[in-house]
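# Examining the three-dimensional arrangement
Okay, here's what each chain looks like letter by letter:
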Amino acid sequence: MRQKHGQNFLIDNNIANNIVKAADLEQQDKVLEIGSGKGILTKLIQPQVKHLTAVEIDETLSKQLNHFFSFHNVKNIEIINIDFLKFDLRDLQSSIITRDEAPQNTSFKIISNLPYNIGTAIIQKILPLKNWTTAIFMLQKEVIQRLAAQPNSKDYGYISIFTSYYADCKVLFDVSPRCFNPPPKVVSSVVKLINKLPKLPESIFFDFVKHSFSMRRKTILNCLSSFKELEKSQGTKILDSCGLDPFLRPDKLSISEFLRLTNKIKQYTICRI
Ligand code: SAM
């Protein structure tokens, strides 16, 4: 049977400790946990930080966790029962800023044993935010390898470029299926991301990267000349001005080469208007 909401609960306290330790928590930190579940990570994080916002889609689980913390009279936690993908991030800001604080004090860390079915969607929602500092995510090993992949590898693709645009990425350790209940079918890994605080990219950048990897076996010249109605001769000029071989496949290009190409594409498409 498929697990509803990717509910493979971590049951290994050692692994839970190592995940939380990786965030280098300090008493003044604010933390967002996505998918608190039965609370194995939540209960470790809460005593170490100033405030914890936990988001959980499952009403029963979020009620149970709420009862646990109310029973222990814990005040520095808010458990929000909502689908994180539908969560308005302005509500996250207001949960994170406490009443006695200046609005600029909104930086927070993220810790999550992500629901595997929507892990990359959650990552794409959260990474563009400016005010997270460190994120520790657990996901299927295969997905973590894609997040951290470098050019020239089979795992390198859109999500690798997306992640490396926003963050420095370090794979920390693997986690066996035996550490969960029920055990997932695959090995998991834990990754640590540090926000690079980049300026927000022009939408054309990720559009072009996505377009290129949707045809990753074609040459970059083909990718260019099927994007935004560019002509092949323009594609050739763009590649030439960037010093790039037109017969390269997209998986050979680094993030900075994609950025250079995007700047040139912009010039050509603006000129045409
Ligand atoms: N943190 C717990 C742990 O480590 O055992 C649970 C991890 S489990 C892999 C993922 C959790 O995310 C589940 O509790 C699930 O109900 C919750 N979840 C799934 N989809 C979600 C969503 N869209 N928004 C918020 N929580 C979600």
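Residues numbered from 1 in each chain as written. Predicted model: local features only at pLDDT ≥ 70, side-chain atom pairs only at ≥ 80, totals over all residues. Heavy atoms only, no water.

## Observations regarding the environment of K50
Selection criterion: Secondary structure elements follow DSSP: runs of H or I no shorter than four residues count as helices, runs of E no shorter than two count as strands, and numbering proceeds from the N terminus.
For K50, the position within the fold is in the loop between α2 (42-45) and β3 (51-56). The spatial distance from the C-alpha of K50 to the C-alpha of Q28 is 5.0 Å, given a sequence separation of 22 residues.

## A few points about the side chain of Q46
Applied cut-off: A simple rule labels every residue: compare its accessible area, found with a 1.4 Å probe on the protein chains alone, to the largest value its type can have, and call it buried under 20%, exposed over 50%, or partly exposed in between. Any two residues having at least one pair of non-hydrogen atoms within 4.5 Å are treated as being in contact.
When you line up the elements, Q46 lands in the loop between α2 and β3. Overall, the relative accessible area of 12% leaves Q46 in the buried class. Ignoring sequence-local partners within four residues, the contact set of Q46 consists of L52, F69, V74, N76 and I77.

## Quick look at the nonpolar core
Here is the rule: Among buried residues, those of type Ala, Val, Leu, Ile, Met, Phe, Trp, Tyr and Cys that are joined through side-chain atoms within 4.5 Å constitute a nonpolar core. Domain start and stop positions are those given by an automatic or database domain assignment.
With 82 residues, the main nonpolar core has F137 and L261 as its most contacted residues. Built from parts of two domains, this core gets at least three residues from each of domain 1 (9-195) and domain 2 (205-272). Beyond its immediate stretch of four places on either side in the chain, L261 contacts F208, I220, L224, I238, L239, C242, L244 and L253.

## Regarding the packing of aromatic side chains
Aromatic ring pairs are defined here through the distance separating the ring centres and the angle between the ring planes. Heads up, the condition is: In summary, the pairing rule links any two rings of Phe, Tyr or Trp, Trp by its six-membered ring, whose centres are within 6.5 Å, and it sorts them by plane angle into stacked for under 30 degrees, edge-to-face for over 60 and tilted for everything else. Here, a charge over a ring means that NZ of Lys or CZ of Arg falls within 6 Å of the ring centre while also lying within 35 degrees of the ring normal.
Per the stated rule, a full pass over the model turns up 15 aromatic pairs. Taken together, a centroid distance of 6.0 Å and an interplanar angle of 80 degrees make the contact between Y158 and F206 edge-to-face. One end of the pair, Y158, is in helix α7 (residues 158-166); the other, F206, is in helix α8 (residues 203-213), and 48 residues separate them in sequence. Here Y158 falls in the buried class, since its relative accessible area comes to 16%. Both rings, one in Y165 and one in F206, keep their centres 5.7 Å apart while their planes meet at 75 degrees; by these two values the pair is edge-to-face. One end of the pair, Y165, is in helix α7; the other, F206, is in helix α8, and 41 residues separate them in sequence. In terms of burial, Y165 and F206 fall into one category: buried. Through pairs of rings, three or more aromatic residues link up here, namely Y158, F162, Y165, Y166, F205 and F206. Across the ring face of F84, the terminal group of K125 is positioned such that the distance to the ring centre comes to 5.4 Å.

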